[in-house]
Amino acid sequence: MINLLDFDQAALTALFAERGEKPFRARQALRWVHRRLVDRIDAMTDLAQSARDVLARDAEIRAPVVVRDSTAGDGTRKWLLDVGGANAIEAVYIPEDDRGTLCISSQAGCALDCAFCSTGKQGFNRNLGVAEIVGQLWHANRALLADGASAPWIEQGRHPITNVVMMGMGEPLANFDNVVSAMNLMLDDNAYGLSRRRVTLSTSGIVPAIDRLRDACPVALAVSLHAPNDALRDRLVPINRKYPLRELLAACVRYIEKAPRDFVTFEYVMLDHVNDAPEQARELAELVRDVPCKFNLIPFNPFPNTEFATSSRNRIVSFQRILRDAGFVATTRKTRGDDIDAACGQLAGQVQDRSKRRTIKVQPLATH
Ligand code: SAH
Ligand code: SF4
């Protein structure tokens, strides 16, 4: 069976053409799947019977199966989704007054092995398909509507999810084609119709793929920086050994020419006495002096057997103040969904380590 969630508009139009159906019918079908969120072809009542018959032969609408659904005290909701072969991924819904954000996974596991990331510690299993990526959004909207979610924009007929961040499990740019097709659906007016500034892709810094994204689908960009120099970043974010900071920052500047916002967001995980010293904040400010950017400081979320600890409130505040005094916008991410392990880098924490890979040990820097 083919899964209609796997098809963006171009692919669905091609499928319909192959089967002798007109392009506008593909758009109609797309609207049924992604706007009306139906899960059955026979529910597509205004689609010509011939087109429905053509689809009904071998097509279905199949999102990943939910194996756990938990809601935290602060309203954050996490779905654990089975993607087959004992792989589970997660999607996390973060409600706020003016928006509903969904954090989406792009891979089962991740090969990049950042030292402070529990997804990285699980090793890489496989890339998610388009249906598995966009299916997280399809499912979240349906589940929230079915549960009677209320917000002003829902009353105006919009979906509960207004913003998507590709910040769940996996490195989205290492699954480029599927992620771009899924994002095309997020942006498509016949599907989710989100503006490019409401879709954010977070990457650890695969430089050639940042350039490709700029041409293929320039959504808002977040880059996981985490260190003010190559020596430390080589240890925290191993992909830095291949694409060092100078190249990464140059790619960020190139990206901004096409980006929906005139800045890149730098994520910086706050690791106690590793990357959070005042002089490191000053070094960081100097490093990115010529890059239009904002900082998002992320308190480290600990997980079992990690060698890192979360920076103290004081160290985070001082670090943030130095960046602000240097003229940068710097915010500290609120930790949400703590009680259901929905915070960054904790996703699918129960999934076993299949990689048996040695972890890279990072010595805390002598400090200060
Ligand atoms: N692979 C992409 C996107 C997924 S991770 C990337 O690395 O950017 C989303 C963000 O969470 C990244 O900035 C990542 O560095 C951060 N993160 C990973 N593990 C974390 C942890 N244990 N605590 C806090 N942030 C973490
Ligand atoms: Fe992969 Fe991102 Fe985790 Fe690094 S931080 S291991 S790139 S998911």
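Source: prediction; values computed, not measured. (Residues numbered from 1 in each chain as written. Chains lettered and ligands numbered in written order. Predicted model: local features only at pLDDT ≥ 70, side-chain atom pairs only at ≥ 80, totals over all residues. Heavy atoms only, no water.)

What follows is about the environment of Val274. Here Val274 lies in the loop between strand E12 (264-270) and helix H11 (278-287). Classification of Val274 as buried rests on a relative accessible area of 2%. Placed 37 residues apart in sequence, Val274 and Ser311 show a C-alpha to C-alpha distance of 9.0 Å. (Helix = DSSP H or I, 4+ residues; strand = E, 2+ residues; numbered from the N terminus. Buried < 20%, exposed > 50% of the residue type's maximum accessible area, 1.4 Å probe, protein only.)

What follows covers the site of ligand 1. Neighbouring ligand 1 are 21 residues; Gly170, Ser202, Ser224, His226 and Asn301 lie closest to it. With respect to ligand 1, the side chain of His226 contributes an N or O atom lying 2.6 Å from an oxygen atom. Taking Asn301, its main chain carries an N or O atom lying 2.9 Å from a nitrogen atom of ligand 1. Summarising the interface, the protein chains cover 96% of the accessible area of ligand 1, which totals 530 Å² for the free molecule. Listing elements by their share of the shell around ligand 1, those giving two or more residues are strand E10 (199-203), E12 and strand E13 (293-299). (Near = heavy atom within 4 Å. Polar contact = N/O pair within 3.5 Å; in protein donor to acceptor, adjacent residues only side chain to side chain. Areas by Shrake-Rupley, 256 points an atom, 1.4 Å probe, with all protein chains shown as cover.)

On the secondary structure map, Cys103 appears in strand E6 (residues 99-103). A relative accessible area of 10% places Cys103 in the buried class. Residues Cys103 and Leu213, spaced 110 residues apart in sequence, show a C-alpha to C-alpha distance of 19 Å. Setting aside anything within four residues of it in sequence, one finds Cys103 in contact with Glu90, Ala91, Val92, Val165, Met167 and Gly168. (Contact = heavy atoms within 4.5 Å.)

As a matter of local geometry, ligand 2 sits amid Cys110, Leu112, Asp113, Cys114, Cys117, Gly120, Gly170, Glu171 and Ser204. Its residues assigned to classes, the shell around ligand 2 shows 4 nonpolar, 3 polar and 2 charged. (Nonpolar A, V, L, I, M, F, W, Y, C, P; charged D, E, K, R; others polar.)

Okay, the nonpolar core next. Counting residues in each nonpolar core, the largest one holds 113 residues, and the members touching the most others are Met44, Phe116, Met183, Met186, Leu213, Phe266 and Phe295. Broken down by element, this core gets its largest block of residues, 9 residues, from helix H5 (residues 130-146). For Phe116, the residues in contact, after removing those within four places along its chain, are His226, Leu236, Val237, Val269, Leu271, Phe300, Phe303 and Phe308. (Core = buried A, V, L, I, M, F, W, Y, C linked by side-chain atoms within 4.5 Å.)

One way to put it is that helix H8 (residues 207-216) packs onto helix H10 (residues 245-256) with a least axis distance of 9 Å and a crossing angle of 5°. Here H8 lies roughly parallel to H10, going by the angle between them. Touching Val207, Ile210, Asp211, Leu213 and Arg214 of H8 are Glu247, Leu248, Ala251, Arg254 and Tyr255, all from H10. Here the contact of H8 with H10 is composed, by residue class, of 6 nonpolar, no polar and 4 charged. (Axes fitted to C-alpha atoms, helices over the stretch in contact; angles between N-to-C directions. Parallel < 35°, antiparallel > 145°, perpendicular 65-115°, else oblique.)

Here Asn3 lies in strand E1 (residues 2-3). A polar contact is formed between the side chain of Asn3 and the backbone oxygen of Arg62, at a distance of 2.7 Å. Residues in contact with Asn3, not counting those within four places in the same chain, are Glu60, Ile61, Arg62 and Ala131.

Below, the discussion takes up the packing of H11 against helix H12 (residues 313-325). The contact between H11 and H12 brings their axes to 9 Å, and the two run at 30°. By the angle class used here, H11 and H12 are roughly parallel. Relative to H12, H11 is oriented so that their crossing is right-handed. Here Pro278, Gln280, Ala281, Arg282, Leu284 and Ala285 of H11 lie close against H12, whose contacting residues are Phe319, Ile322 and Leu323. (Left-handed = near helix turned anticlockwise from the far one by under 90°.)

Bringing the sheet that holds E10 into the picture now. Read from one edge to the other, the open sheet built from 10 strands follows the order E3-E4-E5-E6-E9-E10-E11-E12-E13-E14, with strand pairing classed as mixed. At either margin of the open sheet sits one strand with a lone partner, and together these are strand E3 (65-71) and strand E14 (329-332). Between one strand axis and the next, the sheet turns by 20° as a mean value, whatever way the strands run. Note: E3 against strand E4 (residues 77-82), 6 bridges, orientation antiparallel. (Pairing = 2+ DSSP bridges.)

This brings us to the pairing of E12. Within E12, 6 of the 7 residues are buried, which leaves it mostly tucked inside the rest of the structure. Bridge analysis of strand E11 (residues 220-224) against E12 gives 3 bridges, and the strand direction is parallel. Bridged to Ser224 within E12 is Glu267. Here E12 pairs with E13 via 7 bridges, running parallel. Looking across to E13, one finds that Tyr268 is bridged to Leu297. Between the parallel pair E12 and E13, the chain is carried across by H11, and the sense of this crossover is right-handed. (Right-handed = clockwise from strand over helix to strand, strands pointing away.)

All right, on to the packing of aromatic side chains then. Using the criterion set out here, one finds 5 aromatic pairs in the structure. When the centroid spacing of 6.1 Å and the interplanar angle of 65° are considered together, the rings of Phe300 and Phe303 count as edge-to-face. This pair shows no difference in class: Phe300 is buried, exactly as Phe303 is. Grouped by ring-pair contacts, the aromatic residues Phe266, Phe295 and Phe328 constitute a single cluster. Directly above the aromatic system of Phe176 lies the positively charged group of Arg212, at a separation of 4.0 Å from the ring centroid. Above the face of the Phe263 ring, Lys294 is positioned so that its terminal group lies 4.2 Å from the ring centre. (Phe/Tyr/Trp six-rings, centres within 6.5 Å; stacked < 30°, edge-to-face > 60°. Lys NZ or Arg CZ within 6 Å of the ring centre and 35° of its normal.)

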